[in-house]
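Spelled out, the chains give:
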Amino acid sequence: MEKKESKPLPHELERMAPKERQKHLEERMRGIIAYAYEKAPAVKERFDKAGITPDDIRTVKDLDKIPLLRKDDLIALQKADPPFGGYLAVSLDSLERIYQSPGPIYDPQRKRGFGAGGGMGPGFGKGQIVMNTWSYHVTPAGLGVDQLLRGMGFTVVPMGTGNTELQVQVMRDLKVHGFVGTPSFLKIIIDKAEEMGYNFKKDFNLKWAMVSGEMGGEPLRKLFQDKYGIFCMGGDAYATADVGTVATGCEKQSGMHITADAIVEIVDPATGKQLEPGEVGEIVVTPFDEVYPLIRFGTGDLSMMVEESCECGRTTPRLPKIMGRSGEAVRVRGMFVHPKQTDEVIAKFPEIRRYQLVVTRPQDRDEMVLKVEFADDGVDKEKLKNALDKSFRDTCKVRFDRMDFAAKGAIPEGAKHIVDERVY
Ligand SMILES: [Zn+2]
């Protein structure tokens, strides 16, 4: 019998040997680039300016040749050539909706909603009632998720944001199975229900939650699971209004798997060049989107790529978490250091009252000095230095050169935690 070459489905792609998946993804990448170059005038212009054509981009490595597209560029382009700055690849009258996000920036509605393929565990599906508390107004979150959930066979209650008492009432009256929204909003609803005299675990039927959109939702997720028996799906998800879903968590909660519907790169925000796995850099996305092909869109968010396969069976690379915005990080001897990382290190040492990391560049070599101020005297400085040195290296992947003990009050309150004093 003749074997027919068929396109792999998303869940097959997620579990394929990485090399083989790369072949499929690069084929789609070449397709979307050729398509975008032909249909979206701004893409052609960007390529012409850089002196390249789609033929120059054969592999993911070749993407380095295309200058990044930043949100600010897109805002300027949209202003000069409204509404989509030359990136719309279909005719305006074929769009279903147009969303606006802060900037202002306009996004045409895609064919697909937000992020298919995220970690659906066992026991979910048809006939279940889900409350969607993402905003339905103006931004793509609410309607996008609504479309996705209905596509999976759920019955959606389009709650949107706010009106906590009504949320509690609907959740109880309809015996709602699933909640979609931010972890903090679910907490508010649970608190409200208990304040109204209910026993949340006994009186409600909430079995699972797909919570995302906030940094540091982990403690709440643990509370929902341990105290209320609500299964939290997928850890976090990472999506932006401009490029849709980039990565979704899985049932093993070990970071977010990169979608098979886009090419995702981690680059040096200063040069736009790709970095190695394990190096922290800016997330850059090329979605396979035929409506709005934003090739190499720089999200401004920092993370790194983890390539080891996951216990859940997916072999796609993961982003462990979003590590902050690229503008606040400094690159020191090839590694990014972000205030979130240094805060995490210092938080382990309650004897430190204030700190500041100062980066200079004497004799053309980056130097990092960690200035610390103690809450009281009588700290074993040598012991502290060794412990800090280790913790700093573990978290930031780079060492500081010196530690300075500042006099009490020498570091002003509210001073920046990382200061870059390098002059090039
Ligand atoms: Zn996984």
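As a reminder, the structure under discussion sits directly above these lines.
Residues numbered from 1 in each chain as written. Predicted model: local features only at pLDDT ≥ 70, side-chain atom pairs only at ≥ 80, totals over all residues. Heavy atoms only, no water.

Colleague: I would appreciate a short explanation of the overall build of the chain in the present structure.
Modeller: Check the secondary structure of the chain and you find 11 helices and 21 strands. In summary, the chain has a C-alpha radius of gyration of 24 Å against a globular reference of 22 Å for 424 residues, a match within 12%. Summarising its shape, the C-alpha atoms of the chain cover approximately 70 × 65 × 50 Å along the three principal directions. Looking at the chain as a whole, 50% of its 424 residues qualify as buried. Considering only contacts in the chain between residues 6 or more positions apart, those separated by 24 or more positions represent 63%. As displayed, the chain offers around 21,300 Å² of accessible surface, 51% of which is attributable to carbon and sulfur atoms. Computing the positive centroid from 62 side-chain charges and the negative centroid from 64, the chain places the two 3 Å apart. (Helix = DSSP H or I, 4+ residues; strand = E, 2+ residues; numbered from the N terminus. Rg over C-alpha atoms; globule rule 2.2 N^0.38 Å. Buried < 20%, exposed > 50% of the residue type's maximum accessible area, 1.4 Å probe, protein only. Contact = heavy atoms within 4.5 Å. Areas by Shrake-Rupley, 256 points an atom, 1.4 Å probe, with all protein chains shown as cover. Lys, Arg positive; Asp, Glu negative; His and termini not counted. Charge placed at Lys NZ, Arg CZ, Asp CG, Glu CD.)

Colleague: Please explain the packing of helix 2 (residues 18-39) against helix 3 (residues 41-50) as it appears in this structure.
Modeller: A pair of packed helices is characterised by two quantities: the angle between their axes and the separation of those axes. Relative to each other, helix 2 and helix 3 sit at 105°, their axes nearing to 5 Å. One way to sum up the angle between helix 2 and helix 3 is to call them roughly perpendicular. Mapping the contact onto sequence places Ile33, Ala36, Tyr37 and Lys39 in helix 2 and Pro41, Val43, Lys44, Phe47 and Asp48 in helix 3. (Axes fitted to C-alpha atoms, helices over the stretch in contact; angles between N-to-C directions. Parallel < 35°, antiparallel > 145°, perpendicular 65-115°, else oblique.)

Colleague: How should the pattern of salt bridges be read in this particular structure?
Modeller: Side-chain pairs of opposite charge can arise whenever the charged atoms involved come near each other. In the structure shown here, the tally under the stated rule is 29 salt bridges. Lys71 is paired through a salt bridge with Asp242; the nearest N and O atoms lie 2.8 Å apart. In this pair, Lys71 sits in helix 4 (residues 71-80) while Asp242 sits in the loop between strand 9 (237-240) and strand 10 (244-249), placing the two residues 171 residues apart along the sequence. You can call Lys71 partly exposed: its relative accessible area is 30%. Linking Lys390 and Asp394 is a salt bridge whose minimum nitrogen-to-oxygen distance equals 2.8 Å. Taken together, the positions of Lys390 and Asp394, both in helix 11 (residues 381-396) and four residues apart, correspond to about one turn of that helix. The exposure class of Lys390 is partly exposed, given its relative accessible area of 49%. (Salt bridge = Lys/Arg side-chain N within 4 Å of Asp/Glu carboxyl O.)

Colleague: Explain the pairing of strand 13 (residues 281-287) here, please?
Modeller: Residues in a regular strand point their side chains to alternate faces of the sheet. Taken across its seven residues, strand 13 has seven buried, putting it largely inside the fold. As paired strands, strand 12 (residues 262-267) and strand 13 are joined by six bridges and run antiparallel to one another. Along strand 13, the bridge assignment pairs Ile263 with Thr286. The pairing of strand 13 with strand 14 (residues 297-303) spans four bridges and is antiparallel. (Pairing = 2+ DSSP bridges.)

Colleague: Help me out: how do you make sense of the sheet that holds strand 7 (residues 208-211) in this one?
Modeller: Either a parallel or an antiparallel arrangement is found when strands of a sheet pair, and the pairing is made through backbone hydrogen bonds. Here we have five strands laid out as an open sheet, ordered 5-4-6-7-8, and parallel in their pairing. Every other strand in the sheet has two partners, leaving strand 5 (155-158) and strand 8 (231-232) as the edge strands with one partner each. Here strand 6 (residues 178-181) pairs with strand 7 via four bridges, running parallel. Its bridge partner lying in strand 7, Val180 is registered against Met210.

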